[in-house]
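Topology and contacts: notes
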Amino acid sequence: MEDAEFYLRYYVGHKGKFGHEFMEFEFDSGGKLRYANNSNYKNDSMIRKQVHVTKAVIDEVKRIIEDSEITREDDNTWPEPDKVGRQELEIKINGEHIRLTCSKIGSLLDVQDSKDPEGLRIFYYLVQDLKCLVYVIVQLYFSYFISQFLFDYPSF
């Protein structure tokens, strides 16, 4: 699974009543994970986080991508981005570079009703897996980081 250049970027967002609302994250081969979440609902402010993850985490992200076989998919028949929103997935892995774009997917019904339910299902589940992983990493890292200042932990 070793390759010199690895990059993953996911974006989902829309422009509506509360402005440009989106969630985006990216991993690079150096272990940098950047996360941004912008919601203007009730005057929320943008959340930006950046952490460095271990090689083991990057290897796991690569494994998830490879196991999904997303690089075999083509977005030509997927629903086009619209007023509901857009999703973008960009991946550089194993010498391949893909960019996939489609409208926001509300549920598996949207997937089943599409012209390419199998390909969109692969995209849908890959994105769900990646979002869960990113949320956990960001939450764990910043919960631990902040708790160091709030509690007296023994050093290891």
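In short, a report on the structure. (Residues numbered from 1 in each chain as written. Predicted model: local features only at pLDDT ≥ 70, side-chain atom pairs only at ≥ 80, totals over all residues. Heavy atoms only, no water.)

Turning our attention to the environment of I93. Among the secondary structure elements, I93 is positioned in strand β5 (residues 86-93). Residue classification places I93 among the buried residues on the basis of a relative accessible area of 3%. Distance in space between the C-alpha atoms of I93 and E66 is 8.7 Å, their sequence separation being 27 residues. (Helix = DSSP H or I, 4+ residues; strand = E, 2+ residues; numbered from the N terminus. Buried < 20%, exposed > 50% of the residue type's maximum accessible area, 1.4 Å probe, protein only.)

Here we come to the sheet that holds strand β6 (residues 96-103). Pairing is antiparallel across the open sheet formed by six strands, whose spatial order is β4-β3-β2-β1-β5-β6. Looking at strand neighbours, the two that pair on one side only are β4 (47-52) and β6, the edges of this open sheet. Neighbour-to-neighbour, the strand axes of the sheet open up by a mean angle of 10 degrees, direction not taken into account. In terms of strand pairing, strand β2 (residues 19-28) meets strand β3 (residues 32-38) through six bridges, oriented antiparallel. (Pairing = 2+ DSSP bridges. Axes fitted to C-alpha atoms, helices over the stretch in contact; angles between N-to-C directions.)

With six of its eight residues buried, β5 lies for the most part within the structure. In this sheet, β5 lies alongside strand β1 (residues 7-16) in antiparallel orientation, the contact comprising seven bridges. Each bridged residue has a counterpart across the sheet, and for Y10 the counterpart in β5 is L89. As paired elements, β5 and β6 share eight bridges and run antiparallel to each other. Paired with I91 across the bridge in β6 is I98. Between β5 and β6, which pair antiparallel in sequence order, lie two residues; one of them, N94, sits at a positive phi of approximately 50 degrees.

Honestly, it's all geometry; don't read function into it.
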